[in-house]
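A structural walkthrough
In case you want the letters, here they are:
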Amino acid sequence: MSITSIPRALDDRLTGRVVRPRDPEYAQAAAAWNVAWTHRPAAVVVATNEDDVVAAVRHAGEAGLGVAVQSTGHGVTVPADENSILVTLQHMDHVRVDPGTRTATVGGGVRWAPVLAEAQRHGLAPLVGSAPHVGAVGYSLGGGFGWLARRYGLAVDSIRSLRVVLADGSVVTASAQENPELFWGMCGSGGSSLGVVAEMAVELFPVREVYAGSLLYPAEAATEVFERFREMDAGEDFTGAFNVTAFPPLEIVPEPIRGKAFAILRGCHVDAAAGQRLVDEWRAWRAPALDMFGVLPFARAGEISQDPVDPLPAATNGRWLARLGDGVGGAMRDAVLGGEGPSPVLFAETRQAGGARPPGPTPR
Ligand SMILES: Cc1cc2nc3c(=O)[nH]c(=O)nc-3n(C[C@H](O)[C@H](O)[C@H](O)COP(=O)(O)OP(=O)(O)OC[C@H]3O[C@@H](n4cnc5c(N)ncnc54)[C@H](O)[C@@H]3O)c2cc1C
């Protein structure tokens, strides 16, 4: 298989750098967070600003190559191959928070963590998901369902504008007012099929302290925990989840849960006092094996799910359900615990949707 050689002229057009397959740092430059995927592009362009993205896209067009885009590699679905240039954006990570307009303007490759930290200094929060180390743009373009979803909606509806590098290398703003059709297409597209986002502006919401965390019940109680979750009417201030997890017997897993399986109530209430009352009712219903709910500054939202931070191999799947039928809890339990033998599924989770429907770009 021949590999297209990328001319040195491209290097001269960049502030960032070009990494080619023979360069020692190629594997590292092309690495994704989800190590189940391996990118093998003709070159990696490590972009440091919008002009670098423009140069990479223009060069790809001239050379007849495709363009793949990566911020963190949490959401790879198709690996970049030798017919494409992989543009990585992790250095385009600036964050500007304007508390007056309650917006954050962020670089195309930024992770949520620094956006959350900066916003929290002003008592504000972006619609971050369960893992603040996920990329803000990839997450938001794919919908973005986080712990504030029932109160404030999906992250995609919080996008105010995008600065987009198009396939011909031109740069445009997409918003409800400017290029609205492109904006509509980008929002919910899940990524880079229409252009590369060099910068994104999102709305922020007034959230300081929440009541959040997990109650872990033994996996044998999965059916009862699911039924109680299904019947619970917690209101839109609470975004909750029912989860079944089989924690692997590995050293990195804390001792009390290592090698054990649990049925879990997880969630986040934006009114700390009301949240405590809600979770106290669960505690009174049945004492959990482990109680990890409490008052939490939203800056520490990553502690609610405690998703793994370091790169690992993973395969995930998700879908919207119109309602939680009788069989859902049992099916989740069986998928994780395995019927007749060990299961490759580590966890299954259903999150409560519904609630907020803010005006936004999502198709409806
Ligand atoms: C541990 C973990 C926890 C998660 N938690 C949640 C959650 O709570 N809620 C939820 O809704 N989702 C969640 N997700 C899913 C996550 O939102 C997606 O995997 C998302 O695609 C990750 O975006 P990324 O930019 O980090 O990843 P990447 O793999 O870098 O990008 C994902 C996609 O977005 C595109 N993209 C990235 N940046 C840009 C850009 N600047 N311009 C154009 N396209 C771009 C990429 O080309 C790719 O198609 C989680 C995933 C993981 C691994």
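In what follows, the structure referred to is the one given above.
Residues numbered from 1 in each chain as written. Predicted model: local features only at pLDDT ≥ 70, side-chain atom pairs only at ≥ 80, totals over all residues. Heavy atoms only, no water.

As a further point, take the sheet that holds strand β4 (residues 84-88). Reading across from one edge, β1-β2-β4-β3 is the order of the four strands in this open sheet, with mixed pairing throughout. Here the strands that pair on one side only, and so sit at the sheet edges, are β1 (17-19) and β3 (66-70). When the angles between neighbouring strand axes are averaged without regard to direction, this sheet yields 25 degrees. Pairing between β3 and β4: five bridges, direction parallel. Paired with Ala68 across the two strands is Leu86, which belongs to β4. Those strands touched by helix α3 (residues 50-63) are β2 (43-46), β3 and β4, and its axis lies near 175 degrees from that of β4. (Pairing = 2+ DSSP bridges. Helix = DSSP H or I, 4+ residues; strand = E, 2+ residues; numbered from the N terminus. Axes fitted to C-alpha atoms, helices over the stretch in contact; angles between N-to-C directions. Contact = heavy atoms within 4.5 Å.)

Position of Ala287 relative to the elements: it lies in the loop between α9 (272-285) and β15 (290-291). Note: C-alpha distance between Ala287 and Leu216 (71 residues apart in sequence) is 9.3 Å.

Another aspect to go through is the sheet that holds strand β10 (residues 196-203). The strands making up a sheet are joined through hydrogen bonds of the backbone, oriented either antiparallel or parallel. With respect to topology, five strands assemble into an open sheet ordered β5-β6-β10-β8-β9, the strand pairing being antiparallel. Only two strands of the sheet have a single partner each, and these edge strands are β5 (95-98) and β9 (171-175). Strand-to-strand twist of the sheet, defined as the mean angle between neighbouring strand axes without regard to direction, takes the value 15 degrees. In this sheet, strand β6 (residues 103-107) lies alongside β5 in antiparallel orientation, the contact comprising four bridges. Each bridged residue has a counterpart across the sheet, and for Val97 the counterpart in β6 is Ala104. Against the sheet, α3 makes contact with β8 (159-165), β9 and β10, and its axis sits at roughly 50 degrees relative to β8, the strand it touches most. Those strands touched by helix α4 (residues 112-120) are β5, β6 and β10, and its axis lies near 30 degrees from that of β5.

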